[in-house]
Amino acid sequence: MNVKDNFESIQATILQACKKVNRNVDEVKVIAVTKYVSIDRAREAIEAGVVHLGENRDDGFLQKWEALGDKPCWHFIGSLQSRKVKNIIDKVDYIHSIDRLSLAKEIDKRATKPIKCFVQVNASGEESKQGISPGDVIDFIKKLESYKHIQIVGLMTMAPFTDDEKIIRNCFKTLRNLQSKVQEIKLPYAPCTELSMGMSNDFEIAIEEGATFVRIGTALVGNEKAEVES
Ligand SMILES: *Cc1c(COP(=O)(O)O)cnc(C)c1O
């Protein structure tokens, strides 16, 4: 496992995907998802030039944050319990998992500055998936108006775990279409310029479909739990 080599090869893949659809490669930012790895491995990612780090649990996030400080740009990407908000709110730069009003309300209450948030969308409609149904997203975002500390910078989704590229691609297309709809209503607190989509196994497709943040764990920093077991 060499994080630097992985990062270089991921960057080459990103460049290729951008060329294929005529996108500027600077539009795509890589979030290293460090939830399965140690602080040392996360540090390797920073040394390799990764700027954005993502964690999906408050305890894991705080551990990494204590060790690595606020120099990386920190993304909270997992489902977030309202009672945990106060632990992380002044340490995160982005929250990718706004999926209910009660959570937005708690963030608004605890934040001391505007927080960059993504609305998490269940674009595939799978029952097991977190997120707002595509048909409810516009109404949901309209309801956030009174929460002065919430800024909706974009939409986030997770594609189904499948080999069927068409299903994955459709899921990303759904998110992009929704983004256009959000932009059309021109709410000052919801510029919605970003799309957080694409993981280790589908980031190439996500970039072809407009991703601006890809969240990559296993393919970039590995999975130390799986490495020990195998
Ligand atoms: C774990 C996780 C990722 C990264 O998954 P990999 O398949 O290891 O790249 C991305 N997004 C979210 C929300 C995650 O929980």
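Along each chain, numbering runs from 1 in the same order as the chain's sequence is written. With the structure being a predicted model, the display of local features is reserved for residues of pLDDT at least 70 and the display and counting of side-chain atom pairs for 80 or more, all residues being used for whole-chain, interface and lining totals. Excluding hydrogens and water, the side-chain values take into account all heavy atoms of the structure.

- An unreviewed UniProt entry lists the protein under the name Pyridoxal phosphate homeostasis protein, with Bacillus carboniphilus as the source organism.
- UniProt positions are given in the numbering used here, feature names are shortened, and annotations may be inferred rather than shown by experiment. Here is the UniProt Sequence similarities (unreviewed entry) comment for the protein, exactly as written: "Belongs to the pyridoxal phosphate-binding protein YggS/PROSC family."

**Concerning the site of the ligand**
Inference 1: In the vicinity of the ligand, the contacting residues are Val33, Lys35, Ile77, Met156, Met158, Met199, Ser200, Arg215, Ile216, Gly217 and Thr218.
Inference 2: Contacts described as polar in this section are N or O atom pairs within 3.5 Å, which, within protein, must combine one atom able to donate a hydrogen with one able to accept it, while residues neighboring in sequence count only if both atoms come from side chains. One of the side-chain N or O atoms of Ser200 is found 2.5 Å from an oxygen atom in the ligand.
Inference 3: At 2.8 Å, a side-chain N or O of Arg215 approaches a nitrogen atom of the ligand.
Inference 4: Summarising the interface, the protein chains cover 89% of the accessible area of the ligand, which totals 390 Å² for the free molecule. For each residue, the test is whether any non-hydrogen atom lies within 4 Å of the molecule or strand; if one does, the residue is near. All accessible areas in this document rest on Shrake-Rupley with a 1.4 Å probe, and a residue is counted as covered only by the protein chains that are shown.

**Some words on helix H1 (residues 3–20)**
Inference 1: A run of DSSP states H or I qualifies as a helix once it reaches four residues; a run of E qualifies as a strand once it reaches two. Both are numbered from the N-terminal end. By this rule, a helix spans an expected 1.5 Å times one less than how many residues it contains. Compared with the 26 Å implied by 1.5 Å per residue over 18 residues, the 26 Å span of H1 between its first and last C-alpha is a close match.
Inference 2: The rule is simple: take the accessible area with a 1.4 Å probe, protein chains only, and divide by the maximum for that residue type; under 20% is buried, over 50% is exposed, in between is partly exposed. Restricting attention to buried positions, one finds in H1 the residues Val3, Asn6, Phe7, Ile10, Thr13, Ile14, Ala17 and Cys18. Taken down its axis, H1 places every buried residue within 135 degrees of arc, on the same side. Facing away from the buried side of H1 by over 90 degrees, the exposed positions are Gln16 and Lys19.
Inference 3: Residues of H1 that are buried sit in contact with strand S1 (29–33), helix H2 (39–47), helix H8 (203–208), strand S8 (213–216) and helix H9 (218–221).
Inference 4: The distance from a side-chain oxygen at the start of H1 to the backbone nitrogen of Lys4 is 2.9 Å, and the residue carrying that oxygen is Asn2.
Inference 5: One or two steps after H1, the chain reaches Asn22, where phi turns positive at roughly 60 degrees. Arc definition: directions from the helix axis to the C-beta atoms. We call two residues in contact whenever any of their non-hydrogen atoms come within 4.5 Å of each other.

**Here's the deal with the packing of aromatic side chains**
Working definition: an aromatic ring pair is given by the centre-to-centre distance plus the angle between the planes.
Inference 1: Between rings of Phe, Tyr and Trp, where Trp is taken as its six-membered ring, a pair exists when centres lie within 6.5 Å; planes separated by under 30 degrees are stacked, by over 60 edge-to-face, and by other angles tilted. All chains considered together, the criterion is met by five aromatic pairs.
Inference 2: Ring plane angle 65 degrees and centroid distance 5.4 Å describe the contact between Tyr94 and Phe213, whose orientation is recorded as edge-to-face. Of this pair, Tyr94 sits in strand S4 (residues 94–98) while Phe213 sits in strand S8, and the two are 119 residues apart along the sequence.
Inference 3: Residue Tyr94 is classed as buried on the basis of its relative accessible area of 12%.
Inference 4: Pairing Phe118 with Phe213 gives two aromatic rings, centres 6.0 Å apart and planes at 85 degrees, and the pair type is edge-to-face. Note that Phe118 is positioned in strand S5 (residues 115–120) and Phe213 in strand S8, a separation of 95 residues in sequence.

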